[in-house]
Amino acid sequence: WDDHDAWDGYGSYKHLNHCKIFKGMSPIMQELYLLFQHHTTAERAAADCDMFGHKGFSTLHSTLQYIDDGATALLSFDTRSERDAHQIVNKKTYAMGWERLKEIPDQTKHILLMVPVPIAYPDMFLVDTVFAVGDRLEFVDKILNKIPGVKNEFDYELRDDFLDHWNHHNHEVERNSLIDKAFTLDSTRRVTIISGDVHHMAVGKLQSKSTGQVIYNIICSAIGNIPPSGVEAKFLKTMSFLHKVNNDVSMSLQTKFDRLQYPFGEKHTYSNQVINRRNFSVWEQDRTTNNFNILFYTERQNHK
């Protein structure tokens, strides 16, 4: 689950995590999430759904009993229940997940790693830096306040998104550790990351310079929310060229969508990396090879 199941930035705002009202709401949000999305309760989650976690509810599903004789496994970490300003998932939960992966059958060749917020995604450090300046300089804050939608009743509207992202400096060590583990798993079984949250459609790519390994991050989200503007899509495209994960791993956005046209101010431009439209994807599995064909569906202009 994600902050949209509770409130924006749930867990990421340090000054709100200890608020009595929010602390009281947290278990209620978690209870409703388990009830409506998993048809279980906190007490029954382990028995009903084989969930695990230090304080959250992560899952590992094998397709052994379902469609492809165990060729695919889906590992989904609960990135919200254990989140705070400096942690996305507790180290004990990671350890539980990696131990469970050791038990998957030998015929499993593909691990789908589901994390709501994408890992292979541009770093928005420039905007975060502007907000930090606004915190310190009153005249900058007044300028930002005049821009519609920039601030809400708690903070800058987009700050929770930056705090949530794996690329935020608070989470870089954890992100790099997760990426290293993903490449280790990918050396014996293919790994694909599945994400949403960011209200765009995109395909991110992580590549190791030392081994040549490639892991793709499928990003497909926000079928209900109003997508961001074409300006932000173009900005993300630009930022993707400036982002380097670490000395070994590079990140890029794939140019997969070259036939779609989107508004950019009064003109039109082509966005072939980040699509700012409501979207969803359909995964079709080839039963002979167990490979997936991923079909992206997006609304046309005027929400059609």
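The structure reproduced in this document is the subject of the present report. Everything numeric in this text was worked out from a predicted model, so none of it was measured.

1. Points about the nonpolar core
With 30 residues, the main nonpolar core has Leu-75, Phe-77, Trp-98, Leu-101, Ile-119, Trp-166 and Leu-206 as its most contacted residues. Breaking this core down by element, the ones donating at least two residues are β2 (72–76), α3 (91–101), β3 (110–114), α7 (172–186), β4 (190–195) and β7 (249–253). Broken down by element, the residue count for this core peaks at 5 residues, all from α7.

2. Concerning the environment of Gln-254
Checked against the element boundaries, Gln-254 lands in the loop between β7 and β8 (261–264). Excluding anything up to four places from it in sequence, Gln-254 contacts Val-203, Lys-205, Tyr-216, Asn-272 and Gln-273. Only 3.3 Å separates the side chain of Gln-254 from the side chain of Ser-252, close enough to count as a polar contact.

3. Digging into a nonpolar patch on the surface
Together, Ile-223, Phe-280, Val-282, Leu-295 and Tyr-297 make up an exposed nonpolar region whose accessible area comes to about 420 Å². Breaking the nonpolar patch down by element, the ones donating at least two residues are β10 (279–285) and β11 (292–298). On the secondary structure map, Val-282 appears in strand β10.

4. Some points on the packing of aromatic side chains
One pass over the structure, following the stated rule, counts 5 aromatic pairs. Ring geometry for Phe-77 and Tyr-94: centres 5.1 Å apart, planes at 70°, overall edge-to-face. Here Phe-77, found in the loop between β2 and α3, pairs with Tyr-94, found in helix α3; they are 17 residues apart in sequence, far enough to count as distant. Each member of the pair, Phe-77 as well as Tyr-94, is classed as buried. Here the aromatic rings of Phe-280 and Tyr-297 are separated by 5.1 Å at their centres, their planes lie at 10°, and the arrangement is stacked. Here Phe-280, found in strand β10, pairs with Tyr-297, found in strand β11; they are 17 residues apart in sequence, far enough to count as distant. An aromatic cluster of at least three residues, connected via ring pairs, comprises Phe-77, Tyr-94 and Trp-98.

Parameters at a glance
- Residues numbered from 1 in each chain as written.
- Predicted model: local features only at pLDDT ≥ 70, side-chain atom pairs only at ≥ 80, totals over all residues.
- Heavy atoms only, no water.
- Core = buried A, V, L, I, M, F, W, Y, C linked by side-chain atoms within 4.5 Å.
- Buried < 20%, exposed > 50% of the residue type's maximum accessible area, 1.4 Å probe, protein only.
- Helix = DSSP H or I, 4+ residues; strand = E, 2+ residues; numbered from the N terminus.
- Contact = heavy atoms within 4.5 Å.
- Polar contact = N/O pair within 3.5 Å; in protein donor to acceptor, adjacent residues only side chain to side chain.
- Patch = residues over 30% accessible without salt bridge, like charges linked within 9 Å, V, L, I, M, F, W, Y side chains within 5 Å.
- Areas by Shrake-Rupley, 256 points an atom, 1.4 Å probe, with all protein chains shown as cover.
- Salt bridge = Lys/Arg side-chain N within 4 Å of Asp/Glu carboxyl O.
- Phe/Tyr/Trp six-rings, centres within 6.5 Å; stacked < 30°, edge-to-face > 60°.

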